[in-house]
Amino acid sequence: MKVLLVEDEPRLAEALAQLLRDGGWQADTAADGPSGLELARSGGYAAAVLDVMLPGLDGFRLCRTLREEGNSLPILMLTARSDLADKVAGLDCGADDYMTKPFAPEELMARLRALVRRQGEPPAQGLAFADLRLDPTTHALSRGEKSVQLSPKEFGLLRLLMAKGGAVCPKGAILEQLWNGAEDNNVEAYISFLRKKFFYLGSRASIATLRKVGYRLEDPEEGAASGK
Ligand code: CA
């Protein structure tokens, strides 16, 4: 699994990257806010570690921008400052966790593992979205009494989308997990197979394509309820 590190202090960035590699992760590093944002948007990361004070775009704004774009990448914020106002700003921007420098390497790794684990877990009530239920053992997709069998690829794809709730699943993450990162892929074809199955089941759910970003499940009733 790959972690994105956005840290402008070269020695700390290298130490963090080494720490991640020692823990069996891959690490990509960016030394300023804008390039960190670009990498985060490309998808394929299990989590990101963001420094707050960064050239170009600070960590809070970087994080808030991603959330506004519907990106639910687990984010751990790092800062040298430890006052309460910063912590509040960090949580407001949509970060998942917060650590102040200096920190113990083991604690950083433990928190990252917890973030990634949380992200990968399906909701407690099982895999479901709108009026659809996905059975993880039989790979059957059902709506009420009606059900249809999914192929392994369709199942993997829908599981990723459902795990995100209604948030965007970046195409990079889909490719990483289901197509081994292949450039040449047929994700769009599988999305259309799933759409046909939603239609066959008479589901109100749909899959929206966000060009060059990814895909997201949509529930018209949910949108109406929250006024989106
Ligand atoms: Ca910094």
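Below or above, wherever it landed, is the structure these notes cover. (Residues numbered from 1 in each chain as written. Predicted model: local features only at pLDDT ≥ 70, side-chain atom pairs only at ≥ 80, totals over all residues. Heavy atoms only, no water.)

1. Examining the coordination of the calcium ion
Then comes step 1: Listed as protein donors to the calcium ion are D8 (OD), D51 (OD) and M53 (O); their distances from the metal cover 2.1 to 2.3 Å.
Then comes step 2: Each donor residue of the calcium ion belongs to the same chain, and together they define the spacing D-x42-D-x1-M.
Then comes step 3: Since its relative accessible area comes to 51%, M53 is described here as exposed. (Donors = N, O, S within 2.8 Å, 3.2 Å for Na, K, Ca; no water. Buried < 20%, exposed > 50% of the residue type's maximum accessible area, 1.4 Å probe, protein only.)

2. Focus on the sheet that holds strand β1 (residues 2–6)
Then comes step 1: Taken together, five strands build an open sheet; the order of strands is β2-β1-β3-β4-β5 and the sheet is parallel. The open sheet is flanked by β2 (26–30) and β5 (97–100), the only strands paired with a single partner. Across the sheet, the mean angle from the axis of one strand to that of its neighbour is 20°, orientation sign disregarded.
Then comes step 2: As judged from the four bridges shared by β1 and strand β3 (residues 47–51), these two strands associate in the parallel manner. (Pairing = 2+ DSSP bridges. Helix = DSSP H or I, 4+ residues; strand = E, 2+ residues; numbered from the N terminus. Axes fitted to C-alpha atoms, helices over the stretch in contact; angles between N-to-C directions.)

3. Structural notes on the nonpolar core
Then comes step 1: Formed by 27 residues in total, the largest nonpolar core has its most connected members in L141, L158 and M162.
Then comes step 2: Once residues within four sequence positions are removed from consideration, L141 is found in contact with L132, R133, L134, K146, S147, V148, L150, L158, M162, F198 and L201.
Then comes step 3: If you look at the next biggest cluster of nonpolar residues, it comprises 21 residues, including V6, A48, L57 and L73. (Core = buried A, V, L, I, M, F, W, Y, C linked by side-chain atoms within 4.5 Å. Contact = heavy atoms within 4.5 Å.)

4. Some words on the pattern of salt bridges
Then comes step 1: Evaluated as defined, the whole model comprises 14 salt bridges.
Then comes step 2: A salt bridge links E7 to K101; the shortest N-O distance between them is 3.3 Å. Here E7, found in the loop between β1 and α1 (10–22), pairs with K101, found in the loop between β5 and α5 (105–120); they are 94 residues apart in sequence, far enough to count as distant. Neither E7 nor K101 differs from the other in exposure class; each is buried.
Then comes step 3: The salt bridge involving R41 is made with E69; its shortest N-O contact spans 2.5 Å. Of the two residues, R41 sits in helix α2 (residues 33–42) while E69 sits in the loop between α3 (59–68) and β4 (75–79), which places them 28 residues apart along the sequence.
Then comes step 4: What makes R41 partly exposed here is its relative accessible area of 40%. (Salt bridge = Lys/Arg side-chain N within 4 Å of Asp/Glu carboxyl O.)

5. Observations concerning the side chain of E7
Then comes step 1: Since its relative accessible area comes to 3%, E7 is described here as buried.
Then comes step 2: A distance of 3.0 Å separates a polar atom in the side chain of E7 from the backbone nitrogen of E9.
Then comes step 3: Beyond its immediate chain neighbours, meaning those up to four positions away, E7 contacts L12, A13, A30, A31, D51, L54 and K101. (Polar contact = N/O pair within 3.5 Å; in protein donor to acceptor, adjacent residues only side chain to side chain.)

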